[in-house]
Amino acid sequence: MHELLHALGFYHEQSRTDRDDYVDIWFDQVLPGFEHSFDKYDDSFITDQNTPYDYESIMHYGPYSFNKDPRYPTITAKDPEMTKVLGQYNDFSSLDLLRLNRMYNCSSSLTLLDQCAFEAINSCGMIQSLNDDADWARTKSTPESHDHTLIGQCRDAGFFMYFDTGSGRSGESAFLVSRTLYPKRKLQCLQFFYKMTGSPKDKLVIWVRREDGKGNVLSTVAAGTIMGDDDRSWKIAHVPLKADGKFRYAFQGIRGDPAYSAGGVFIDDISLAETHCPSGTWRIKNFSQYIKTYGVGEYIQSPRFYSPEGYGFGIQLLPNSYSVGYIGAFFHLTSGENDDLLQWPAGNRQVTITVLDQDPDIRLRQSFSFSFTTDGKQLIPGG
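Please read these numbers as outputs of a predicted model, since none were measured by experiment.

### With respect to the packing of aromatic side chains
Here is step 1 of the chain: For the structure shown, the criterion picks out 27 aromatic pairs.
Here is step 2 of the chain: Measuring from ring centre to ring centre gives 5.1 Å for F160 and F266, while their planes differ by 35°; the resulting arrangement is tilted. Residue F160 is located in strand β6 (residues 159–164), and its partner F266 is located in strand β13 (residues 264–273); the two are separated by 106 residues in the primary sequence. You'll find F160 and F266 in the same group, each marked buried.
Here is step 3 of the chain: Consider the rings of F192 and F251, whose centres lie 5.0 Å apart with planes at 80°: the pair is edge-to-face. With F192 in strand β8 (residues 188–196) and F251 in strand β12 (residues 247–254), this residue pair connects regions lying 59 residues apart in the sequence.
Here is step 4 of the chain: Residue F251 is classed as buried on the basis of its relative accessible area of 0%.
Here is step 5 of the chain: Ring pairs connect the aromatic residues F27, F34, F38, Y61 and F66, which therefore count as one cluster.
Here is step 6 of the chain: The cationic tip of R138 hangs over the ring face of F159; the distance from NZ or CZ to the ring centre is 3.7 Å.
Here is step 7 of the chain: A cation over an aromatic ring shows up here: K195 above the ring of F266, its NZ or CZ 4.7 Å from the ring centre.

### Re a nonpolar patch on the surface
Here is step 1 of the chain: The grouping of V355, F368 and F370 at the surface amounts to a nonpolar patch, some 310 Å² of accessible area in total.
Here is step 2 of the chain: With respect to the helices and strands, the residue F370 is situated in strand β19 (residues 368–373).

### Section: the nonpolar core
Here is step 1 of the chain: Judged by nonpolar contacts, the single largest core of 31 residues is most densely connected at W136, L190, F192, L204 and F251.
Here is step 2 of the chain: Those elements that provide at least two residues to this core are β3 (112–116), β6, β7 (173–177), β8, β9 (203–211), β11 (235–241), β12 and β13.
Here is step 3 of the chain: In this structure, V30, Y53, Y55 and L86 belong to the second largest nonpolar core, which totals 10 residues.

### Quick look at unusual backbone geometry
Here is step 1 of the chain: That bond from W344 to P345 is cis: its omega, -5°, falls within 30 degrees of zero.
Here is step 2 of the chain: At N105, a position not held by glycine, the phi torsion is positive, near 55°.
Here is step 3 of the chain: Mapped onto the secondary structure, N105 falls in the loop between α3 (94–103) and β3.
Here is step 4 of the chain: At C124, a position not held by glycine, the phi torsion is positive, near 60°.
Here is step 5 of the chain: Mapped onto the fold, C124 is located in the loop between β3 and β4 (127–128).

### Let's talk about the sheet that holds β4
Here is step 1 of the chain: Sheet architecture is open: five strands sit in the order β4-β7-β12-β9-β10, paired in antiparallel fashion. What marks the edges here is a single partner per strand, and that holds for β4 and β10 (217–227).
Here is step 2 of the chain: Where β9 and β12 come together, eight bridges link them in antiparallel fashion. Within the sheet, the bridge partner assigned to V208 lies in β12 and is Y249.

### Brief notes about the state of the cysteines
Here is step 1 of the chain: Within the structure shown, the criterion is met by two disulfides.
Here is step 2 of the chain: Between the sulfur atoms of C189 and its disulfide mate C277 the distance is 2.1 Å. Its S-S torsion of approximately 110° makes the covalent link between C189 and C277 right-handed. Pair noted here: C189 is in strand β8 and C277 is in the loop between β13 and α4 (287–293), with a separation of 88 residues, a long-range link.
Here is step 3 of the chain: Among the residues examined, C189 registers a relative accessible area of 6% and is labelled buried.
Here is step 4 of the chain: Residue C277 is classed as buried on the basis of its relative accessible area of 18%.

### Considering the pattern of salt bridges
Here is step 1 of the chain: Going through the model one piece at a time under the given rule, you end up with 19 salt bridges.
Here is step 2 of the chain: A salt bridge links D18 to R16, with the nearest nitrogen and oxygen atoms 2.9 Å apart.
Here is step 3 of the chain: The class of R16 is buried, set by a relative accessible area of 6%.
Here is step 4 of the chain: R71 is the partner of D69 in a salt bridge, and the nearest nitrogen-oxygen pair spans 2.9 Å.
Here is step 5 of the chain: Taking relative accessible area as the criterion, D69 reaches 17% and is therefore assigned buried.
Here is step 6 of the chain: Among the ionic contacts, a cluster of salt bridges with common partners joins E13, R16, D18, D48 and R99.

Reading the values: the criteria
Residues numbered from 1 in each chain as written. Predicted model: local features only at pLDDT ≥ 70, side-chain atom pairs only at ≥ 80, totals over all residues. Heavy atoms only, no water. Phe/Tyr/Trp six-rings, centres within 6.5 Å; stacked < 30°, edge-to-face > 60°. Helix = DSSP H or I, 4+ residues; strand = E, 2+ residues; numbered from the N terminus. Buried < 20%, exposed > 50% of the residue type's maximum accessible area, 1.4 Å probe, protein only. Lys NZ or Arg CZ within 6 Å of the ring centre and 35° of its normal. Patch = residues over 30% accessible without salt bridge, like charges linked within 9 Å, V, L, I, M, F, W, Y side chains within 5 Å. Areas by Shrake-Rupley, 256 points an atom, 1.4 Å probe, with all protein chains shown as cover. Salt bridge = Lys/Arg side-chain N within 4 Å of Asp/Glu carboxyl O. Core = buried A, V, L, I, M, F, W, Y, C linked by side-chain atoms within 4.5 Å. Pairing = 2+ DSSP bridges. Disulfide = S-S within 2.5 Å.

Structural data, given as structure tokens:
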């Protein structure tokens, strides 16, 4: 991605005219012949698109770039805390994307259809149904019950949608319906964060409602169902949709057993993009504790997931892979319920593993992804 931005006209961040206000270049530590990599240019040669200096830019060198002695850096930030973030290559920073959009006059995302964190009082145009039993409530964070966006850290901010399942009767429900959407593709992925704090019998059903040009309903299809559970923390969900024309999506909260519910259903940070959903999502709680307690080579085993073709697969994650401080991830196929119907060996299948940045704004995430293609000739002996 670094080289891609070069091809699109970007220079290194530390080449900015004002770089000396933010970083120090230690030329005495630069490898001979690479001094030009730290040249500074004036405004007639490069432009910052009227944006601040970006320590997190994917175009910024790391502290030890082109150094002749591994003990000493070639570039440091004047603010020592910022030196730690120099040289990230996971993804474009928010300012990288802003500059790219300004440079090429792009005003909107090509794939993002809808996004809502419920911070605005209009709830992003979402509406309550008039033909159900109850309503969702736009609710402000409290220390006891916080939102996902701001995690309750800001006073008078941080909202989510809440459906109370501790009152009323079993089977009663409430619909929260999106604004009208006009897709350009025939597939979408609805991503949102949720938690269930009521009865295990509570349900959250996601619907797709197709409409004609006059707003008449053509069809309504259930796209996914989430049941109540004992995990009362925020979790991420991905629901694939296949709308091929004007549509709305909707969340239906259903009361399972109000007599045994002391909570309800929470929703926050919705994103709808015209992309494929991941085949599986593995959430690991308290991962920092695994890093502290697992020895070199010890691993955590994921649940079994299934690819769109039906292959079973899993991930082994090593908090301390070949050395303390280095995380390893290993992909493997596993036996599954479709094995007799599949082609073996399973060569020429693309696999992408993503470590997800959970920034509530999907456009600002700096997730790390690694892709590879399986080789049908590389088999485990005796497997």
